[in-house]
Amino acid sequence: MMKYILPCCALLSLSACSSQPNQLILNPVYQGGKLSSINQSLSTSVIDLRGDPATLKLITSDKTQTIASQGLTESIKSALDSALSRNGASISNLATTRFEVDIHTLQAVVTEKMVSHTSDAKIELGVRVIRSRSNFSKIYRGNASLAGPLGHDRAKIEGQLNKLTEQLITRMVSDPELLAFLEG
């Protein structure tokens, strides 16, 4: 009996190692320090308005696979709140000034060929700051590409999207137009 169980366990453990989880983990972390002085109390929200919920689109010669990210709006809101707080803002659900971020695009398209792969990541975030008498809105866009031998490395794709998201958030909290509106 034991001689049958051992090979089955070995086979199961090997198959578990080879399959990647069917989701992309997005967890951007704001690395920038204090870039500006936002002396405001803000209520923040992040809304996913993407028509295509896939964060990763994997294209191979015979098929296309799409992979989503769980908790995408929460992880971006966490990085946004951190960036705003480090730059002097206080985050409060009771604040009268609303800082809303809409996710228009957030996706990496990975194309795998026989001996190489490429990844093209695109992110587009819309920002709306809403006050009782005035509003501000602006679109922030970023893209990044990487290429490598053989198949893609999921961790590198996650890193590419995390870094790009962080760059856009850094651009927001240091944007002269946005800062002028907040101070006005």
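In this text, all values refer to a predicted model and were calculated from it rather than measured experimentally.

A short note on the overall build of the chain
And then number 1: Helix and strand content of the chain: 4 helices and 7 strands.
And then number 2: Counting helices and strands in the order they occur from the N terminus, the chain gives α-β-β-β-α-β-β-β-β-α-α.
And then number 3: Looking at the chain alone, contacts between residues at least 24 apart form 76% of all its contacts between residues at least 6 apart.
And then number 4: In the form shown here, the chain has an accessible surface area of approximately 10400 Å², with 56% of it arising from carbon and sulfur atoms.

Here's the deal with unusual backbone geometry
Glycine aside, residues mostly have negative phi angles, and peptide bonds mostly take the trans form.
And then number 1: Unusually for a residue other than glycine, Leu150 sits at a positive phi of about 55 degrees.
And then number 2: Counting through the fold element by element, Leu150 comes out in the loop between strand S7 (135-149) and helix H3 (154-173).
And then number 3: For Leu150, a relative accessible area of 57% puts it in the exposed group.

A look at the packing of aromatic side chains
And then number 1: For the structure on display, the rule yields 1 aromatic pair.
And then number 2: Against the face of Phe181 rests Arg131, its NZ or CZ located 4.6 Å from the ring centre.

So, helix H4 (residues 176-183)
And then number 1: Within H4 the residues assigned to the buried category are Leu178, Leu179, Phe181 and Leu182. All buried residues of H4 project into a common sector of 160 degrees when viewed along the axis, lining one side. Projecting away from the buried face of H4 at angles above 90 degrees are the exposed residues Pro176 and Glu183.
And then number 2: Against the buried residues of H4 lie strand S1 (41-48), strand S5 (97-112), strand S6 (116-130), S7 and H3.
And then number 3: Capping the start of H4 is the job of one residue whose side-chain oxygen sits 3.0 Å from the backbone nitrogen of Glu177: Asp175.

Some words on the environment of Leu161
And then number 1: Here Leu161 is to be found in helix H3.
And then number 2: Taking the relative accessible area as the measure of exposure, Leu161 reaches 0% and is therefore buried.
And then number 3: Each C-alpha atom of the pair Leu161 and Asn143 lies 9.0 Å from the other, and the pair is 18 residues apart in sequence.
And then number 4: Setting aside its immediate chain neighbours within four residues, Leu161 contacts Leu24, Leu26, Thr55, Leu106, Gln107, Ala108, Ala121 and Ile123.

Some words on the pairing of strand S3 (residues 64-67)
And then number 1: Of the pairings in the sheet, the one linking strand S2 (residues 56-59) to S3 comprises 4 bridges and is antiparallel in character. For Lys57, the partnering residue across the bridge sits in S3 and is Thr66.
And then number 2: Here S2 folds back onto S3 in antiparallel fashion, the turn holding 4 residues.

Rules used throughout
Residues numbered from 1 in each chain as written. Predicted model: local features only at pLDDT ≥ 70, side-chain atom pairs only at ≥ 80, totals over all residues. Heavy atoms only, no water. Helix = DSSP H or I, 4+ residues; strand = E, 2+ residues; numbered from the N terminus. Contact = heavy atoms within 4.5 Å. Areas by Shrake-Rupley, 256 points an atom, 1.4 Å probe, with all protein chains shown as cover. Buried < 20%, exposed > 50% of the residue type's maximum accessible area, 1.4 Å probe, protein only. Phe/Tyr/Trp six-rings, centres within 6.5 Å; stacked < 30°, edge-to-face > 60°. Lys NZ or Arg CZ within 6 Å of the ring centre and 35° of its normal. Arc of directions from axis to C-beta. Polar contact = N/O pair within 3.5 Å; in protein donor to acceptor, adjacent residues only side chain to side chain. Pairing = 2+ DSSP bridges.

Keep in mind these numbers describe shape, not what the thing actually does.
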